[in-house]
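The residues making up each chain are set out below.
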Amino acid sequence: MDIKLDSIKEQLILAITQYGGKILLAIVVFIVGRFIIGRVMSFIGQRMNSSHIDRDVQPFLKSLVGVALTVMLLISCAGILGVQTTSFVAVLGAAGLAVGLALQGSLANFAGGVLLLLFKPFRVGDLINAQGFTGNVEAIRIFDTVLVTVDNKTVTLPNGPLSTGPITNISTRGDIRVDMVFAGGSQNGVDKIRASIEKAIAACPYANATTHDVLVTKLTENAIFFDVRVWTKATTYWETYYFVHEHISKQFGLDKVAAPIQQYTVNQA
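Residues numbered from 1 in each chain as written. Predicted model: local features only at pLDDT ≥ 70, side-chain atom pairs only at ≥ 80, totals over all residues. Heavy atoms only, no water.

Asks: For this particular structure, what's the right way to read the overall build of the protein chain?
Replies: On a plain count of helices and strands, the protein chain comes out with seven helices and eight strands. Surface summary for the protein chain: the accessible area is close to 17,500 Å², and the carbon and sulfur share equals 62%. (Helix = DSSP H or I, 4+ residues; strand = E, 2+ residues; numbered from the N terminus. Areas by Shrake-Rupley, 256 points an atom, 1.4 Å probe, with all protein chains shown as cover.)

Asks: What is the right way to read the environment of Lys-199 from this model?
Replies: Within the fold, Lys-199 resides in helix H6 (residues 190-203). Along the backbone, Lys-199 and Gln-251 are 52 residues apart, and their C-alpha atoms lie at a distance of 7.4 Å.

Asks: When you look at the sheet that holds strand E5 (residues 167-169) in this model, what are you seeing that I'm missing?
Replies: Within a sheet, neighbouring strands are paired by backbone hydrogen bonds and run either parallel or antiparallel to one another. Pairing in this open sheet of five strands is antiparallel, and the strands run E4-E3-E2-E1-E5 from one edge to the other. The open sheet has two free edges, formed respectively by strand E4 (154-158) and E5, since each of these has just one partner strand. Pairwise comparison of adjacent strand axes, ignoring direction, gives a mean angle of 40° for this sheet. By the bridge criterion, four bridges tie strand E1 (residues 127-130) to strand E2 (residues 133-140) in an arrangement that is antiparallel. Counted as the bridge partner of Ile-128 is Gly-135 from E2. (Pairing = 2+ DSSP bridges. Axes fitted to C-alpha atoms, helices over the stretch in contact; angles between N-to-C directions.)

Asks: Looking at this model, I keep getting lost on the packing of H6 against helix H7 (residues 237-254). Mind explaining?
Replies: Relative orientation and spacing of two packed helices are given, respectively, by the angle between their axes and the distance between those axes. Interhelical geometry of H6 versus H7 gives an angle of 135° and a closest axis separation of 9 Å. Between H6 and H7, the angle is such that the two are oblique. The handedness of the crossing between H6 and H7 is right-handed. Residue-level inspection shows Ile-193, Ser-196, Ile-197, Lys-199, Ala-200 and Ala-203 of H6 in contact with H7, the latter providing Phe-243, His-247, Ile-248, Gln-251 and Phe-252. Its residues assigned to classes, the contact of H6 with H7 comprises seven nonpolar, three polar and one charged. (Parallel < 35°, antiparallel > 145°, perpendicular 65-115°, else oblique. Left-handed = near helix turned anticlockwise from the far one by under 90°. Contact = heavy atoms within 4.5 Å. Nonpolar A, V, L, I, M, F, W, Y, C, P; charged D, E, K, R; others polar.)

Asks: Just checking my understanding: could you explain the confidence of the model for the protein chain for this structure?
Replies: Regions with low pLDDT carry predicted coordinates that are not meant to be interpreted in detail. Scored by pLDDT, the protein chain has a mean of 80; 76% of the residues are at 70 or more. Within the protein chain, H6 carries the highest mean pLDDT (93), whereas helix H3 (residues 85-102) carries the lowest (60). (pLDDT = per-residue confidence, 0-100.)

Asks: Even after reading the chapter, I still don't get the side chain of Asn-188, so can you show me in this structure?
Replies: Inspection of the secondary structure assignment puts Asn-188 in the loop between strand E6 (175-185) and H6. The exposure class assigned to Asn-188 is buried, which follows from its relative accessible area of 13%. At 2.8 Å, the side chain of Asn-188 and the backbone oxygen of Gly-185 are in polar contact. Only 2.8 Å separates the side chain of Asn-188 from the backbone oxygen of Ala-258, close enough to count as a polar contact. With near-sequence residues (within four places) excluded, Asn-188 lies in contact with Ile-193, Lys-256, Val-257 and Ala-258. (Buried < 20%, exposed > 50% of the residue type's maximum accessible area, 1.4 Å probe, protein only. Polar contact = N/O pair within 3.5 Å; in protein donor to acceptor, adjacent residues only side chain to side chain.)

Asks: Would you mind showing me how to read the nonpolar core here?
Replies: As a rule of thumb, soluble globular proteins bury nonpolar side chains together. With 24 residues, the main nonpolar core has Met-180, Phe-182, Ile-193, Ile-197, Phe-226, Val-228 and Ile-248 as its most contacted residues. For this core, the secondary structure elements donating two or more residues are E6, H6, strand E7 (207-219), strand E8 (223-233) and H7. Core analysis: the next-biggest nonpolar cluster, separate from the first, contains 11 residues, Phe-122, Ala-130, Ile-140 and Leu-162 among them. (Core = buried A, V, L, I, M, F, W, Y, C linked by side-chain atoms within 4.5 Å.)

Asks: In this structure, what is going on with the pairing of strand E3 (residues 144-149)? I would like to understand it.
Replies: On a regular strand, one side chain projects to one face of the sheet and the next to the other, so that they alternate. The element E3 is extensively covered by neighbouring structure, given that six of its six residues are classed as buried. Here E3 shows two buried faces, one formed by Asp-144, Val-146 and Val-148 and the other by Thr-145, Leu-147 and Thr-149. Adjacent in sequence and paired antiparallel, E2 and E3 are bridged by three residues. As paired strands, E3 and E4 are joined by five bridges and run antiparallel to one another. Its bridge partner being in E4, Thr-145 is matched across the sheet by Leu-157. Connecting E3 to the next strand, E4, in antiparallel fashion are four residues, including Asn-152 with a positive phi near 65°.

Asks: Would you mind going over the environment of Ile-140 with me for this structure?
Replies: When you line up the elements, Ile-140 lands in strand E2. What makes Ile-140 buried here is its relative accessible area of 17%. Sequence separation of Ile-140 and Leu-157 is 17 residues, and the distance between their C-alpha atoms is 9.8 Å.

Asks: Whenever I open this one, the packing of aromatic side chains confuses me. Can you help?
Replies: Working definition: an aromatic ring pair is given by the centre-to-centre distance plus the angle between the planes. Considering all chains together, one arrives at five aromatic pairs under this definition. With 5.8 Å between their ring centres and 25° between their planes, Trp-238 and Tyr-242 make a pair best called stacked. Linking Trp-238 with Tyr-242, this pair stays in helix H7, spanning four residues, or about one helical turn. Residues Tyr-241 and Tyr-242 carry aromatic rings whose centres are separated by 5.3 Å and whose planes lie at 85° to one another, so their mutual orientation is edge-to-face. A residue is classified by how much of its surface remains accessible, and Tyr-241, at 24% relative accessible area, is partly exposed. Overall, the relative accessible area of 52% leaves Tyr-242 in the exposed class. One aromatic cluster is present, built from ring pairs that chain together Tyr-237, Trp-238, Tyr-241 and Tyr-242. Above the plane of the ring of Phe-225 lies Lys-218, whose end atom (NZ or CZ) is 5.4 Å from the centre. (Phe/Tyr/Trp six-rings, centres within 6.5 Å; stacked < 30°, edge-to-face > 60°. Lys NZ or Arg CZ within 6 Å of the ring centre and 35° of its normal.)

Next comes the structure, spelled out in structure tokens:
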């Protein structure tokens, strides 16, 4: 029994003698490395604030950098302990490649979300047109963006195609033009029809009454067509559109603006 204890003690002393220095050095490197990583993360946070990077993006970017630095520190500590880091890195790279290939669609959406959060082609609340949908941005998430359409439907758009495709931000300029077409019978004359349209626009509480166009765009034997362009806030686009349509119909009735006369040609055999 004493012989076994002596053998264990000798092996323990040998292990401490052989590996104790490496273990102590690895612990010191890990502690110092964690301290340096903390200082680096603090510096990155200060630079992000001074660069006016969005506060919603900062935690994500900082955690990404922190994880990368921590992995590098652990690999360095493993190398000090004698672990073959070359094979370890190769296995890690192969695993990363396999996961990347399996999740390439999700990774594309992830990268797209990062780009959208960094460059901000739109913000929450903006009215945009993208990927064939028009609506207000309800949320910008890391993998997708949520829109609420004008008919109150929720649409989720993947960030990958969204970040690489065309985006029309209707809210950026604040004002938007509402284009409409109206027609009156040619027997009314241009001035009478235009005056009636002007009254309807002036009654619209959403329209910029000083900035609009009422232009003759087409003349036929029976009708005079007008392009009506009214400016309004991006948030009141549809209110303006429906108000003007309804009140022009009413105003035509009040001003006795006759509709175009429908003419039919009857051929008798």
